[in-house]
Amino acid sequence: EQDIEFQKGAIIGAGNSGDPKLLTAMKPYIQHADTDLRLEAADALRLMPFEETADTFAQWLGEEKEANVKQALVHAMWIQSRASEKAPPDTVVDAALQQFAQPQQDAVLSELVLLLGTAAKTHKGARVALVTLFQAELAKGAAANAELLSVIGRFLDAATLMGK
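Residues numbered from 1 in each chain as written. Predicted model: local features only at pLDDT ≥ 70, side-chain atom pairs only at ≥ 80, totals over all residues. Heavy atoms only, no water.

Quick notes on the overall build of the protein
For the protein, the count of helices and strands is ten helices and zero strands. In terms of overall dimensions, the protein is globule-like: its C-alpha atoms have a radius of gyration of 17 Å, near the 15 Å expected for 164 residues. When the backbone C-alpha atoms are referred to their principal axes, the protein occupies close to 55 × 30 × 20 Å. Counting all 164 residues of the protein, 45% fall into the buried class. (Helix = DSSP H or I, 4+ residues; strand = E, 2+ residues; numbered from the N terminus. Rg over C-alpha atoms; globule rule 2.2 N^0.38 Å. Buried < 20%, exposed > 50% of the residue type's maximum accessible area, 1.4 Å probe, protein only.)

Next comes the structure, spelled out in structure tokens:
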């Protein structure tokens, strides 16, 4: 137990430093059997530069099975995008789109919407995915996920959302 807490602290410290040189030291935790350590590693990516983490993110997202780790991983990429005020690299968007096309828990889907939303103005695939989800939710009527509709609306204008 103490060893796990030490490892969590080291992972968080490496991530908080924002130093991409420490990404190599974090890589063993990406595939670690302990979900809590993978969760910490996912969260730790948030302060590292996109350019250094994009390939790691894409591969990891495709392999990760635990929803809470996926959620933290996508959230970290969204934080990177917001902090840099840039759209995520295509590698990140493409990995997110692959996940978006599969059934996801609501929390993961919400994070994917946020991440794809940051890319929607410049990445056609992200824009199309969000419009498709928006229209599918609208078709549900009262059963629609109002939160998803609201978040998607933050990134795309009404004409785009309605396919005009």
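As for the side chain of arginine 38
Relative to the helices and strands, arginine 38 resides in helix H3 (residues 35-44). Discounting residues that sit within four places of it in the chain, arginine 38 has contacts with Tyr29, Ile30, Gln31, His32, Ala33, Trp60, Glu64, Glu66 and Val69. (Contact = heavy atoms within 4.5 Å.)

Considerations on the pattern of salt bridges
Overall, the coordinates contain five salt bridges when judged by the stated rule. Glutamate 64 is paired through a salt bridge with arginine 38; the nearest N and O atoms lie 2.9 Å apart. Taken together, the positions of glutamate 64 in the loop between helix H4 (50-63) and helix H5 (67-84) and arginine 38 in helix H3 put the pair 26 residues apart, joining distant regions of the chain. Side by side, glutamate 64 and arginine 38 carry an identical accessibility label, which is buried. A salt bridge links arginine 46 to aspartate 43, with the shortest nitrogen-to-oxygen separation between them at 3.5 Å. (Salt bridge = Lys/Arg side-chain N within 4 Å of Asp/Glu carboxyl O.)

Focus on unusual backbone geometry
Phi at glutamate 85 takes a positive value of approximately 55°, unusual for a residue other than glycine. As for its placement among the helices and strands, glutamate 85 is situated in the loop between H5 and helix H6 (90-100).

A closer look at the packing of H4 against H5
Packed helices, taken two at a time, are described by the angle between their axes plus the distance between the axes. Packing of H4 against H5 leaves a shortest axis separation of 11 Å and a crossing angle of 155°. In this view, H4 runs roughly antiparallel relative to H5, as classed from their interaxial angle. Viewed along their axes, H4 and H5 form a crossing whose handedness is left-handed. Packed against H4, whose contacting residues are Phe50, Thr53, Phe57, Trp60 and Leu61, the element H5 presents Val69, Lys70, Leu73, Val74, Met77, Gln80, Ser81 and Ser84 at the interface. (Axes fitted to C-alpha atoms, helices over the stretch in contact; angles between N-to-C directions. Parallel < 35°, antiparallel > 145°, perpendicular 65-115°, else oblique. Left-handed = near helix turned anticlockwise from the far one by under 90°.)

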